[in-house]
Amino acid sequence: PAGASGRDEWRRRGLNIHIICVGKLKEKFYQEAAAEYAKRLGRHCKLEIIELPESRLPEDPSAAEIQRALAAEAAAIRERLPRGGAVIALCIEGKPCSSVELSRRMQELAVSGKSQLTFLIGGSVGLSEDLKRQADWRLSMSPMTFPHHLARIMLLEQIYRACQIAAGTKYHK
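Calculation rules
Residues numbered from 1 in each chain as written. Predicted model: local features only at pLDDT ≥ 70, side-chain atom pairs only at ≥ 80, totals over all residues. Heavy atoms only, no water. Helix = DSSP H or I, 4+ residues; strand = E, 2+ residues; numbered from the N terminus. Rg over C-alpha atoms; globule rule 2.2 N^0.38 Å. Buried < 20%, exposed > 50% of the residue type's maximum accessible area, 1.4 Å probe, protein only. Contact = heavy atoms within 4.5 Å. Lys, Arg positive; Asp, Glu negative; His and termini not counted. Charge placed at Lys NZ, Arg CZ, Asp CG, Glu CD. Pairing = 2+ DSSP bridges. Axes fitted to C-alpha atoms, helices over the stretch in contact; angles between N-to-C directions. Parallel < 35°, antiparallel > 145°, perpendicular 65-115°, else oblique. Nonpolar A, V, L, I, M, F, W, Y, C, P; charged D, E, K, R; others polar. Phe/Tyr/Trp six-rings, centres within 6.5 Å; stacked < 30°, edge-to-face > 60°.

Asker: I would appreciate a short explanation of the overall build of the protein in the present structure.
Answerer: Of regular secondary structure, the protein possesses six helices and five strands. Helices and strands appear in the protein in the N-to-C order α-β-α-β-α-β-α-β-α-β-α. Here the C-alpha atoms of the protein give a radius of gyration of 16 Å, agreeing with the 16 Å that 2.2 N^0.38 yields for 173 residues. Along the three orthogonal principal directions, the C-alpha set of the protein runs to about 50 × 35 × 25 Å. Taken over 173 residues, the protein has a buried fraction of 43%. Long-range pairs, those at least 24 residues apart, make up 86% of the contacts in the protein between residues at least 6 apart in sequence. Within the protein, the 20 negative side-chain charges are centred at a point lying 7 Å from the centre of the 27 positive side-chain charges.

Asker: It is not clear to me how the environment of C97 should be interpreted in this structure. Could you clarify?
Answerer: By secondary structure assignment, the location of C97 is in the loop between strand 3 (86–96) and helix 4 (99–111). When its relative accessible area of 24% is taken as the criterion, C97 is described as partly exposed. Separated by 76 residues in sequence, C97 and C21 have C-alpha atoms that sit 21 Å apart. Sequence-distant contacts of C97, that is, excluding residues within four places in its chain, are made with L102, W137, L139 and S140.

Asker: Looking at this structure, I do not really get the sheet that holds strand 1 (residues 15–22). What am I missing?
Answerer: Two orientations exist for strands paired in a sheet by backbone hydrogen bonds: parallel and antiparallel. Spatial strand order, 2-1-4-3-5: five strands in an open sheet with parallel pairing. Edge positions in the sheet fall to strand 2 (45–52) and strand 5 (137–140), since each has one partner strand and no second. Strand-to-strand twist of the sheet, defined as the mean angle between neighbouring strand axes without regard to direction, takes the value 30°. Bridge analysis of strand 1 against strand 2 gives eight bridges, and the strand direction is parallel. Of the residues in strand 2, the one forming a bridge with N16 is K46. Contacts between helix 3 (residues 63–80) and the sheet are confined to strand 1, strand 2 and strand 4 (116–121), with strand 2 contributing the most and set at about 150° to the helix. The strands touched by helix 4 within the sheet are strand 1, strand 3, strand 4 and strand 5, with strand 5 carrying the most contacts at an inclination of about 160°.

Asker: Would you mind going over the packing of helix 4 against helix 6 (residues 148–167) with me for this structure?
Answerer: For any two helices packed against each other, one specifies the crossing angle of their axes together with the interaxial distance. Helix 6 packs onto helix 4 with a crossing angle of 75° between their chain directions and a minimal axis gap of 8 Å. Taken together, the axis directions place helix 4 and helix 6 in an arrangement best described as roughly perpendicular. Where helix 4 abuts helix 6, its residues S99, V100, L102, S103, M106 and Q107 lie against Q158, I159, R161, A162, I165 and A166. Looking at the contact of helix 4 with helix 6, its residues break down into seven nonpolar, four polar and one charged.

Asker: Where do I start with the packing of aromatic side chains in this structure?
Answerer: Two aromatic rings, taken as a pair, are described by how far apart their centres are and by the angle between their planes. Tallied over the full model, the rule gives two aromatic pairs. Measuring from ring centre to ring centre gives 4.5 Å for F29 and Y30, while their planes differ by 45°; the resulting arrangement is tilted. In this structure F29 comes out as exposed when scored by relative accessible area, which is 53%. You can call Y30 buried: its relative accessible area is 12%.

Keep in mind these values describe shape, not function.
Below, the structure is given as structure tokens:
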């Protein structure tokens, strides 16, 4: 099973997690939550959160304006993508999974030598189809729609939970 060997691989090689987000956290409560999870994750992995500017769109953008914004954001994301590892795109059409499955998949990636994981969170109009096609894994947090700032906090909590599951702690109930 991936459990013990995944934990050993994380310890041996060190798990590196990059979260590339379109948009900055402006609200203090989001900033505080992100800082808390980043602090907690510091015991389990090396975490880097990269915030990229969101393209400005008019109040009622056309399909062409949305596509231009997505293309510009995708180009900025590609410039910051680390080499190697696995890329996980968060998108509504992705596959949902349980916290236990997320932990298992992260451990499996570590065992296969991909101890560098890069999660992508798009802006208010999502991620470009091209970026999603390039991802190793499309992950859905839920069939519901959430603000992308809240999705970042939810992702950080789930990554922390996955690390706790892998470590065998009682955090996950």
